[in-house]
Amino acid sequence: SDVYKRQTQSTWGKLLAADCSVKIASGDHPLSTQHTASDLGLLGPAKEGVLIDAHGESSVSLNLPGGPSKIVEAEQFDEIALILGPADRLVMTGGAFERLLNRPGTLTLLLKKTVVLARMKPEQKAKAILLLQESGAKTLMIGDGANDCAAIKQAD
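Calculation criteria
- Residues numbered from 1 in each chain as written.
- Predicted model: local features only at pLDDT ≥ 70, side-chain atom pairs only at ≥ 80, totals over all residues.
- Heavy atoms only, no water.
- Helix = DSSP H or I, 4+ residues; strand = E, 2+ residues; numbered from the N terminus.
- Buried < 20%, exposed > 50% of the residue type's maximum accessible area, 1.4 Å probe, protein only.
- Contact = heavy atoms within 4.5 Å.
- Core = buried A, V, L, I, M, F, W, Y, C linked by side-chain atoms within 4.5 Å.

**What to know about the overall build of the protein chain**
Moving on, step 1. Counting its secondary structure elements, the protein chain contains 7 helices and 6 strands.
Moving on, step 2. If you list the helices and strands of the protein chain from N to C, you get α-β-α-β-β-β-α-β-α-α-β-α-α.
Moving on, step 3. Taking the principal axes of its C-alpha atoms as reference, the protein chain extends roughly 45 × 35 × 25 Å.
Moving on, step 4. Per-residue burial for the protein chain yields a buried fraction of 37% across its 156 residues.
Moving on, step 5. Considering only contacts within the protein chain whose residues lie at least 6 apart along the sequence, 55% involve residues at least 24 apart.

See the structure below:
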């Protein structure tokens, strides 16, 4: 997993205490990014999220902690929110994000429940911020590389 500075955990704690929605957007593998999010307390007591990943040609898979995977076909994407519980926190891959782009309402709803965006391309990070902004969210992006520039520019 990524190494983070000592003050990172207290900073996340302050943001969460201020009722801010904190998300990690990374190009890294979903499991390593989820581990970092768990270490920082972003996934709550469950310590793991529901993984949403691309599957096959046009569907996505929902990997529920401690349960079976569920394949959701493109025509059923709008029903994903009904499958999830109110306390579920999501780990979404760039592949799933790309599949859901043609359903911006569903994608925005899922983004609000998403804590980890993994295997994200730079343009996907910027698009995620735009969708959150269009839903009324104020956004802040902190990045550590050139691949974060578009998202940093898009953020408020």
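**A word on helix α2 (residues 30–39)**
Moving on, step 1. Looking only at α2, the buried set comprises Pro30, Thr33, Gln34, Thr36, Ala37 and Ser38.
Moving on, step 2. If you follow the buried residues of α2, they end up packed against β1 (24–25), β2 (50–55), β5 (90–93) and β6 (114–118).
Moving on, step 3. Phi for Gly41, located one or two positions after α2, is positive at around 80°.

**Looking at unusual backbone geometry**
Moving on, step 1. You will see that Asp19, though not glycine, has its phi angle at about 65°, which is positive.
Moving on, step 2. Judged by its relative accessible area of 71%, Asp19 falls in the exposed class.
Moving on, step 3. Of note in the backbone geometry, Arg119 takes a positive phi value of approximately 55° without being a glycine.
Moving on, step 4. Its place among the elements puts Arg119 in the loop between β6 and α6 (122–134).
Moving on, step 5. Classification of Arg119 by relative accessible area gives partly exposed; the value is 46%.

**Quick word on the nonpolar core**
Moving on, step 1. Core analysis: the biggest nonpolar cluster contains 21 residues, and Ile52, Ile80, Met92, Phe97, Leu110 and Leu111 have the highest contact counts within it.
Moving on, step 2. Going through the elements one at a time, β2, β3 (59–63), β5, α4 (94–100), α5 (104–113) and α6 are the ones with two or more residues in this core.
Moving on, step 3. If near-sequence neighbours (up to four positions away) are discounted, Ile52 is found in contact with Val60, Ser61, Leu62, Leu90, Val91, Met92, Thr93, Ala96 and Leu110.

**Examining the environment of Gln7**
Moving on, step 1. Residue placement: Gln7 occurs in helix α1 (residues 6–17).
Moving on, step 2. Gln7 gets classed as partly exposed once you look at its relative accessible area, which sits at 47%.
Moving on, step 3. Put simply, Gln7 and Asp88 are 81 residues apart on the chain and 27 Å apart in space, counted from C-alpha to C-alpha.

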